[in-house]
Amino acid sequence: MTKKEEREAKRLEKLRIEKERMYQMFAYEREYGQYAHICGVDEVGRGPFAGPVVAAAVILPKDCDILYLNDSKKLSEKKRESLYEEICEKAEAIGIGMASEKVIDEINILQATYQAMRAAIDQLAIRPDLLLNDAVEIPDVSIQQVPIIKGDAKSATIAAASIVAKVTRDRMMKEYDTIYPGYQFAKNKGYGTKAHIEAIKEQGICDIHRRTFVKKYI
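Our subject in this report is the structure included herewith. Along each chain, the written sequence defines residue order, and numbers are assigned to residues from 1. Restriction of local features to residues with pLDDT of at least 70 applies here, the model being predicted, together with a cutoff of 80 or more for giving and counting side-chain atom pairs; totals for whole chains, interfaces and linings are based on all residues. Hydrogen atoms and water are omitted, and side-chain values are computed over all heavy atoms in the structure.

In a disulfide, the sulfur atoms of two cysteines are covalently bonded to one another. Throughout, disulfides are identified as pairs of cysteine sulfur atoms within 2.5 Å of each other. The final tally for this structure, using the stated rule, is 0 disulfides. Of all cysteine sulfurs in the structure, the one in C64 sits closest to C39, which takes part in no disulfide; the separation is 13 Å. To sort residues, take the accessible area from a 1.4 Å probe on protein chains only and compare it with the maximum for the residue type: under 20% means buried, over 50% means exposed, and anything in between is partly exposed. Residue class for C39 comes out buried when judged on its relative accessible area of 0%.

Our next topic: the pairing of strand 3 (residues 93-99). Counting from the N terminus, the helices are the DSSP runs of H or I reaching at least four residues and the strands are the DSSP runs of E reaching at least two. The side-chain alternation of strand 3 yields one buried face, formed by A93, G95, G97 and A99, and one unburied face, formed by I94, I96 and M98. Note on pairing: DSSP must find at least two bridges between two strands before they are called paired. For strand 2 (residues 53-59) and strand 3, the ladder comprises 7 bridges, and the chain directions are antiparallel. By the bridge assignment for strand 3, A55 is matched with G97.

Our focus in this paragraph is the packing of aromatic side chains. Stacked, edge-to-face and tilted are the three classes for Phe, Tyr and Trp ring pairs, Trp counted by its six-membered ring, which pair at centre distances within 6.5 Å; planes under 30 degrees apart are stacked, over 60 edge-to-face, the rest tilted. If you walk through the whole model with that rule in mind, you get 4 aromatic pairs. Ring centres of Y176 and Y180 lie 6.2 Å apart, and the angle between their planes is 40 degrees; on these two criteria the pair is classed as tilted. The burial state of Y176 is the same as that of Y180; both residues are buried. The ring centre of Y23 lies 3.6 Å from the NZ or CZ of R30, which sits over that ring. For the cation-ring pair, K79 lies above Y68, with the distance from its terminal atom to the ring centre recorded as 4.0 Å. Lysine and arginine charges are scored as sitting over a ring when NZ or CZ, respectively, is within 6 Å of the ring centre and within 35 degrees of the ring normal.

The structure is reproduced here in structure tokens:
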């Protein structure tokens, strides 16, 4: 076997393994296959010191052929961006919702997360028949729900929602970095890194900081 043939054999083997993994990632979708429109719901940004919490709701087609879907935290930024474009191209419907830092301060992060998730579901062009959620059951939603612990690593539709939410929020934080320089939002995405904490101590807080999260540093 030539080196070229070896490389091709390795590529095909990796592809076979990935297709097997993705088959497992659609296990919940097959289990609830009687539902016409299954929606994955996930959020990003519960822990940061700054910026909104962002949720996404994604309905994938039954014959979805997207590979490499996974928990967004397990993917490189380049891979997330690539998958984001593919999800936007192939999904039957996508909804994005968010709750601002002011809402988070007012009603707490958990309730703000639920609010963002409800907003994402409401944004969908198609009403889903079933929600697959990452870990939580969303209050005040009439659609049947299935909470799945670590769902973004177990369900393809939740993984897709995780990626859409992550890319959306990361892009927002990069924009905020140009508006509020000095906090390194493009780099830390609002999370409480050492450099971010030092910047808060030196510069004080800005408009997008969650006051309930950073009060001990003010």
